[in-house]
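# Observations on chain architecture
Listed below, chain by chain, are the residues.
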Amino acid sequence: MELSFILNELGEERENYFNAVSPPIIQSSNFTFNTVTDLRQAMADEFDTNLYSRGQNPTLSILRKKLAALDGADDALVFSSGIGAISVPLLALLKSGDHIVAVENPYSWTIKLFKEFLPKFGINTTFIDGTVYDNFETAVIPQTRLIFLESPNTFSYELQDIKKIAKFARSRGIVTMIDNSYCSPIYQQPISMGIDLVAQSATKYIGGHSDVVAGVLTGSRELIRQIFDHEFMNLGPAISPHSAWLLLRGLRTLPLRLQRSFESTGVITKWLQAHEHIQQLIWPFSESFKQTQLAHEQMQGCGGLFSFSLKNSSFKKIEAFCNNLQHILLAVSWGGHESLILPSIASISEQEYTATDERLQLIRMYVGLEDTGYLIQDLQQALAKI
Ligand SMILES: *Cc1c(COP(=O)(O)O)cnc(C)c1O
């Protein structure tokens, strides 16, 4: 299906709402029926009917169709956060005694899910270096039910060979799931590479304006329906019709914003890499990236997130650099219009800092939609002062 069709037309039944170009926000929790027979039918199939907005809602249905098509999947579920789109399917598909193989260093709350939350239910995880394919084969045990990927991963952007891992998992009857937030479906399509479930934080690129928290899960109709019928309806992570509408609005400009962020990041990373104060820089589409061949094989473009470290780095120096920035905002999250900075040391105290741990030296930058000249000027003055 063509991208332009998905973003502009798919799922929109304009004749049903006065031919309005922008769909209405059906801000209703509840839907009414003429006969008991109709009501009974709706209650028997909440997956495909507007009965109650914890399940479906007409504004959400438009979004659901577009998100599924963007991923090349049968169907989609939308959650009230990205982490909801990761944790709910795991609770739906796994039971006590099951085992997960996951990449090390995924998104922070994903780590907490695997290390603290799932063990309470008897579900344990083996973390591996996902850059080495053989590690997956070695880590799998008879109880392994799920392989969890995040490619590129958070902060250090290591990639996993998605096709190869998906093929191996299928041969063993193991479900595969990936966090595709970094690339979004515009730059990476894991379903076409054999992955079963694709999660992403819609708070990031899909929302795109730092004004909504949401998550997306796509996959086969069978898997999505199984997750919906039980854990989704029980745990209640539905988004509001208004949030669904904000995501629809975000989708209209998704490719444009991503392209802008990608191109600007190319310029800014080149500038930084040539700067005398910069030690290392990690971005999957930079020439110095360790897995550049795999990046170009499985990604059509690259997001605007990268990390770098300062020469002769120290806790105080990293703090000074970040505090010196005047336009690039100091904050978590990413994917909006505004450029952001997040030093790894924001999650530790000075006593916990060790100069030998390269991960702690990393400073993550997200490149938004501002002019590159404006951003480079800000980086330049902040670097000049340290
Ligand atoms: C932000 C993020 C999440 C979590 O999404 P929320 O919408 O904040 O719940 C998950 N994975 C990655 C890679 C993220 O960056």
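Structure shown above.
All of these numbers come straight from a predicted model, not from anything done at the bench. (Residues numbered from 1 in each chain as written. Predicted model: local features only at pLDDT ≥ 70, side-chain atom pairs only at ≥ 80, totals over all residues. Heavy atoms only, no water.)

### Notes on the sheet that holds strand β5 (residues 175-179)
Note on sheets: strands pair through backbone hydrogen bonds, and any given pair is parallel or antiparallel. Quick note on the threshold: Strand pairing follows a simple DSSP-based rule, namely that at least 2 bridges must link the two strands. Only DSSP runs of H or I covering at least 4 residues are called helices, and only runs of E covering at least 2 are called strands; the numbering of each starts at the N terminus. Axis lines are fitted through C-alpha atoms, for helices just across the contact stretch, and the angle between N-to-C directions can take any value from 0 to 180 degrees. Note on contacts: a residue pair is in contact if any heavy atoms of the two residues lie within 4.5 Å.
Spatial strand order, β1-β7-β6-β5-β4-β2-β3: seven strands in an open sheet with mixed pairing. The open sheet terminates on both sides in strands that have one partner only, identified here as β1 (75-79) and β3 (124-128). Put simply, the sheet's adjacent strands are angled 20° from each other on average, direction ignored. Strand direction decides the pairing type here: β1 and strand β7 (residues 215-219), joined by five bridges, are antiparallel. If you follow V78 over to β7, its bridge partner there is V216. Contacting β1, β6 (197-201) and β7, helix α3 (residues 58-71) crosses the sheet at an angle of about 120° to β1.

### Structural notes on the packing of aromatic side chains
Short version of the rule: For Phe, Tyr and Trp, rings pair up if their centres lie within 6.5 Å, where Trp contributes its six-membered ring, and each pair is then called stacked (planes under 30 degrees apart), edge-to-face (over 60) or tilted (otherwise). Only protein chains enter the calculation, and the probe is 1.4 Å; a residue is then buried if its accessible area is under 20% of its type maximum, exposed if over 50%, and partly exposed in between.
Inspection of the entire model under this criterion finds 18 aromatic pairs. Here F47 and F228 contribute two aromatic rings whose centre-to-centre distance is 5.1 Å and whose plane-to-plane angle is 55°, an arrangement assigned as tilted. Taken together, the positions of F47 in the loop between α2 (36-44) and α3 and F228 in helix α9 (residues 221-235) put the pair 181 residues apart, joining distant regions of the chain. Given the relative accessible area of 0%, F47 is considered buried. Between the aromatic rings of F114 and F127, the centroid separation amounts to 6.0 Å while the plane-to-plane angle is 65°, which identifies the pairing as edge-to-face. In this pair, F114 is assigned in helix α5 (residues 108-117) and F127 in strand β3, connecting sequence segments 13 residues apart. Given a relative accessible area of 2%, F114 falls into the buried group.

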